Amino acid sequence: MSEIIKQSKEKHTQKDSNDVQTITQIIMSNWSGSGRKAPLFCNSLGFYHVEPEDNGWGGAYRNIQMQFSYLHKIPLFHEHLCTLGLEGIPSIMEIQERIESAWKRGFEPASDAYFKHKLTGTKAKIGAVEGWTLLRSLGIPVVLVDILTSPLNVNTFVEEYFRQRYDAKDDLNEKSEKSDEKDKVREIEGFEESKEDKMITFIAGLGEDAEGVEDEDECEIPEMLPHPPVTSHTIKLPASSTDASDTSSSSSSSSSSSSSSSSSEMEETIFCPPLMIQMQNRSKTAFGLEYNSKGSPVVLTFDPYSPVQMNYLRKTPEECLNSFRHTRRRMSGLGYSFEVLFVSEPRILSKEEIEKEKDLEALALCGSSSFYRV
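All figures in this text were calculated on a predicted structure; none of them were measured in a lab.

A. Molecular detail of the overall build of the chain. On a plain count of helices and strands, the chain comes out with 14 helices and 12 strands. Sorting the 374 residues of the chain into buried and exposed places 51% on the buried side. Summarising the internal contacts of the chain: among those between residues at least 6 apart in sequence, 74% fall at separations of at least 24.

Pasting the structure below:
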């Protein structure tokens, strides 16, 4: 199980759970032979969950640790982070110290003032803004999207994120063609659109035997909002990385996996980092998109606060997926203010780029490639 983080001056490298299934095992075993569209997902990610010592305040730290778990699987980022003294997944204490260090360098003065310049050793809740501050200060090209409109737009954004990462144009074109065909039928039949016709049915996607979940969701179609460009990138990883366990247990194992990468056969794969979704007093990590039997998209999320999800990780793939599946209807009950954080591309920022964008309030006024408000 995860190492308990102690609030002391000693630093600990965080461990993730070593007795759970990998994301690749969970998703592909359920999809294989099903006849459904191929799922789109982050194929290298460790699961981190809240421990008794950080229960009630540690969720965002755990989601940030999951961001690092993906970055450390990529040689480019792993080597860069090692040069900065982050050879493994940082503990909560180290995340706090790094954020404070970023504040001292001029990053996010509003956040610095809010926490009264002190974070290390406290039980203060942080969010996606502090995650942006930390990763940006480390030279990681992260993007923060502030969505203040509708939870349905958050779900739509996440769906489009994974499609664009995988450059799933065929899926988008297919939807567009179906929409055009429906419009033509309406024109021929003289169909008059009513309020009910502006509703669309979404399938819950939690399986026929899921308890307490209806088979269908009816949600208003969200308006498509401007959003930051998400582009498709491919990266080369050691062949073992895409199928190996996502649960490395220490910094030494992370280092050894990277050191052996030079001698391992390299395999090209899609660059698809997870998204951290921050809502009021809670955050989750979105790590994939799958399609149910009727072709409707379902976002896959992990909540570090959920002991149920952690328990399901030790059960069958289908049971795991049932706990991860997040339909539009479920998202609609999470409020109306969201922040979405993700790594935009596989490269390291230059010193000039790091120094140029430090203050989110200033970026909101002048425009930026690392902060969007929609």
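B. Broad picture of unusual backbone geometry. Unusually for a residue other than glycine, Lys 116 sits at a positive phi of about 55°. The exposed category is assigned to Lys 116, whose relative accessible area is 69%. The residue His 117 is not glycine, and still its phi comes out positive at about 65°. Considering the arrangement of structural elements, one finds His 117 in the loop between α5 (109-114) and α6 (128-137). For His 117, a relative accessible area of 55% translates into the label exposed.

C. Spatial organisation of helix α3 (residues 75-83). If you check which residues of α3 are buried, you get Pro 75, Phe 77, His 78, His 80 and Leu 81. Backbone geometry just after α3 places Gly 85 at a positive phi near 85°.

D. Representation of the packing of helix α2 (residues 59-71) against α6 within the structure. For the pair α2 and α6, interaxial distance at closest approach is 11 Å and the crossing angle is 30°. For the element pair α2 / α6, the angle class is roughly parallel. For the pair α2 and α6, the sense of crossing is right-handed. Here Ile 64, Phe 68 and Leu 71 of α2 come into contact with α6, specifically with Gly 131, Leu 134 and Leu 135. Looking at side-chain class alone, the contact of α2 with α6 contains five nonpolar, one polar and no charged residues.

E. Representation of the pattern of salt bridges in the model. Scanning the model with the defined rule gives 11 salt bridges in all. The partner of Arg 347 in a salt bridge is Glu 345, and the shortest N-O contact between them spans 3.0 Å. The exposure class of Arg 347 is partly exposed, given its relative accessible area of 29%. A residue is classified by how much of its surface remains accessible, and Glu 345, at 24% relative accessible area, is partly exposed. The partner of Glu 353 in a salt bridge is Arg 347, with the nearest N and O atoms 2.9 Å apart. Via salt bridges that share partners, Glu 159, Glu 160 and Arg 163 belong to a single interconnected network.

F. Region of interest: the packing of aromatic side chains. Taken as a whole and assessed by the stated rule, the structure comprises 13 aromatic pairs. Both rings, one in Trp 103 and one in Phe 115, keep their centres 5.7 Å apart while their planes meet at 25°; by these two values the pair is stacked. One end of the pair, Trp 103, is in helix α4 (residues 92-104); the other, Phe 115, is in the loop between α5 and α6, with 12 residues separating them in the sequence. A residue is classified by how much of its surface remains accessible, and Trp 103, at 5% relative accessible area, is buried. Phe 115 gets classed as buried once you look at its relative accessible area, which sits at 11%. Residues Phe 287 and Phe 324 carry aromatic rings whose centres are separated by 5.1 Å and whose planes lie at 90° to one another, so their mutual orientation is edge-to-face.

G. Region of interest: the nonpolar core. Phe 68, Ile 140, Phe 162, Leu 275, Phe 287, Phe 324 and Phe 342 are the most contacted members of the largest nonpolar core, which has 75 residues in total. For this core, the element with the highest residue contribution is α2, accounting for seven residues. The contact partners of Phe 162, leaving out residues within four places of it in the chain, are Leu 40, Cys 42, Cys 272, Leu 275, Ala 286, Phe 287, Gly 288 and Leu 289.

H. Representation of the environment of Glu 357 in the model. With respect to the helices and strands, Glu 357 occurs in the loop between α13 (351-356) and α14 (360-366). Along the primary structure Glu 357 and Ser 368 are separated by 11 residues, whereas in three dimensions their C-alpha atoms are 7.9 Å apart. Those residues in contact with Glu 357 that sit more than four places away from it in its chain are Phe 107, Trp 132, Arg 136, Leu 363, Ser 368, Ser 369 and Ser 370. Among the polar contacts listed, one links the side chain of Glu 357 to the side chain of Arg 136, at a separation of 3.3 Å. A distance of 3.0 Å separates the side chain of Glu 357 from the side chain of Ser 368, its partner in a polar contact.

I. Fine view of the environment of Ile 270. Tracing the sequence through the fold places Ile 270 in strand β6 (residues 266-270). Between the alpha carbons of Ile 270 and Ser 232 there is a distance of 7.5 Å; along the sequence they are 38 residues apart.

J. The arrangement of the packing of helix α1 (residues 23-31) against helix α11 (residues 317-324) in detail. Relative to each other, α1 and α11 sit at 105°, their axes nearing to 9 Å. With respect to their mutual orientation, α1 and α11 come out roughly perpendicular. Only Pro 317, Glu 318, Cys 320, Leu 321 and Phe 324 of α11 make contact with α1, whose side of the interface consists of Gln 25, Ile 26, Ile 27, Ser 29 and Asn 30. Partitioned by chemical class, the residues of the contact of α1 with α11 number six nonpolar, three polar and one charged.

K. Fine view of the pairing of strand β9 (residues 297-302). Burial analysis of β9 places six of its six residues in the buried class, the great majority of the element. Burial of β9 is two-sided: the residues Pro 297, Val 299 and Thr 301 facing one way and the residues Val 298, Leu 300 and Phe 302 facing the other way are all buried. In the sheet, strand β8 (residues 282-291) pairs with β9 via six bridges, with the strands oriented antiparallel. The residue bridging Leu 289 from the neighbouring strand is Val 299, located in β9. The turn linking β8 back onto β9 is made up of five residues, and Gly 295 within it adopts a positive phi angle of 85°. With two bridges joining them, β9 and strand β10 (residues 325-326) adopt antiparallel strand pairing. Paired with Leu 300 across the bridge in β10 is Arg 325.

About the thresholds
- Residues numbered from 1 in each chain as written.
- Predicted model: local features only at pLDDT ≥ 70, side-chain atom pairs only at ≥ 80, totals over all residues.
- Heavy atoms only, no water.
- Helix = DSSP H or I, 4+ residues; strand = E, 2+ residues; numbered from the N terminus.
- Buried < 20%, exposed > 50% of the residue type's maximum accessible area, 1.4 Å probe, protein only.
- Contact = heavy atoms within 4.5 Å.
- Axes fitted to C-alpha atoms, helices over the stretch in contact; angles between N-to-C directions.
- Parallel < 35°, antiparallel > 145°, perpendicular 65-115°, else oblique.
- Left-handed = near helix turned anticlockwise from the far one by under 90°.
- Nonpolar A, V, L, I, M, F, W, Y, C, P; charged D, E, K, R; others polar.
- Salt bridge = Lys/Arg side-chain N within 4 Å of Asp/Glu carboxyl O.
- Phe/Tyr/Trp six-rings, centres within 6.5 Å; stacked < 30°, edge-to-face > 60°.
- Core = buried A, V, L, I, M, F, W, Y, C linked by side-chain atoms within 4.5 Å.
- Polar contact = N/O pair within 3.5 Å; in protein donor to acceptor, adjacent residues only side chain to side chain.
- Pairing = 2+ DSSP bridges.

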